[in-house]
Amino acid sequence: MEFAGSVAGIEREAGVALLERPHMAASLRLDFERDLLSGQTVLAGSHQEPPLKVVRAFGTGDGAALVHLHNVSGGLLGGDRLRLEVNVGADAQVQITTSGATRIYRPRAGALGTSQANEVRVGPQGLLEYLPDAVIPFAGARFSQWTSIQLADGAGLFWWEILAPGREARGEIFEYESLELKTDLMAAGRLIAVERVRLEPKKRTLDSRARLGAYRTWATFYICRVGVGAAEWMVLEAELRAVLGLLGRREDLLWGVSTLAAHGLVVRCAAKRGRDVLPGLREVWRTAKWRLYGRLAVVPRKVN
């Protein structure tokens, strides 16, 4: 597991590489704009191909639009090549969550693995809060994900991802074949974070101290607002360290906070119990949103 704190000289992978030789090629594009008359963010346009689907956008009390990502097939199947594109217009505010955990199923014998490409753009003074449930790779699953996020001047981002070890209730712990996550985060035209993760539990055991050790579930949370100065990020980092220090016992839950090269910070978590992760992420979200926007972080309601 690697995280590149310095991004100089790193070449960008082409997102289309994940979409080659599809078993099922499907895409979901969501375009959000702020209505100038009402001040409410609306889903101005969309393109939907099964199994990805959004039923509608819900208005929230603070003018944001809330949407739920659905997968009508119940999960990601072997050979699927999925693409998610999100465009948040100037001054628009968007919350995206999922209707449940994302399940990565075992591919059939001889089938390709599953991949998803995410392309996200947030316009000037826009805000995107991406707050999904966990990704659960089933035994034998092979999954790769490429995410590109571009933030314009004044844009904000709260983006977390949670990775479960498998179906714990069935005793499936790190029985997936491979999982690869690639993330490029750009702010005002500057590459501020690059993440490359590849896990192959059967080749390299994850209980090594150099990897996850005794922990099973882990999470990453990017918090950004373009234009906020370095001194304010240092203050927020110290505040979050104090908040996280009160959340749990060290032997069960590890948290880390670090500022990025500019315009944001990253929070990481490793937990022995998956149920301990989400409360911490929500507390970090509440603290950071109040500091950066002076507004409450309201947990999105779920729909089925």
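The structure we're discussing is the one just above.
Residues numbered from 1 in each chain as written. Predicted model: local features only at pLDDT ≥ 70, side-chain atom pairs only at ≥ 80, totals over all residues. Heavy atoms only, no water.

Draft legend 1. Inspection of the nonpolar core at higher detail. Residues Leu128, Leu151, Leu157 and Leu185 are the most contacted members of the largest nonpolar core, which totals 49 residues. Each residue touching leucine 157, except ones within four places of it in the same chain, is listed here: Leu127, Leu128, Ile149, Leu151, Leu185, Tyr222, Ile223 and Cys224. Membership of the second largest hydrophobic core comes to 29 residues, among which are Leu131, Phe221, Leu244 and Leu281. (Core = buried A, V, L, I, M, F, W, Y, C linked by side-chain atoms within 4.5 Å. Buried < 20%, exposed > 50% of the residue type's maximum accessible area, 1.4 Å probe, protein only. Contact = heavy atoms within 4.5 Å.)

Draft legend 2. Structural view of the environment of valine 298. Here valine 298 lies in the segment after α2 (277-293). By relative accessible area, valine 298 is classed as exposed at 52%. In this structure, the C-alpha to C-alpha distance between valine 298 and tryptophan 285, residues 13 residues apart in sequence, is 9.5 Å. In contact with valine 298, other than residues within four places in its own chain, are Gln95 and Trp285. (Helix = DSSP H or I, 4+ residues; strand = E, 2+ residues; numbered from the N terminus.)

Draft legend 3. Quick look at the packing of aromatic side chains. Taken as a whole and judged by the stated rule, the model has seven aromatic pairs. Summarising the aromatic geometry, the rings of tryptophan 160 and tryptophan 285 are spaced 6.1 Å apart at their centres and angled 90° between planes, so their arrangement reads as edge-to-face. Of this pair, tryptophan 160 sits in strand β14 (residues 156-163) while tryptophan 285 sits in helix α2, and the two are 125 residues apart along the sequence. In terms of burial, tryptophan 160 and tryptophan 285 fall into one category: buried. Consider the rings of phenylalanine 174 and tyrosine 176, whose centres lie 6.5 Å apart with planes at 80°: the pair is edge-to-face. Clustering of aromatic rings is evident, with ring pairs tying together Phe158, Trp160, Phe221, Trp285 and Tyr293. One residue, arginine 225, lies across the ring of tyrosine 293, its end atom 4.0 Å from the ring centre. Residue placement shows lysine 272 over the ring face of tyrosine 215; its charged tip is 5.9 Å from the ring centre. (Phe/Tyr/Trp six-rings, centres within 6.5 Å; stacked < 30°, edge-to-face > 60°. Lys NZ or Arg CZ within 6 Å of the ring centre and 35° of its normal.)

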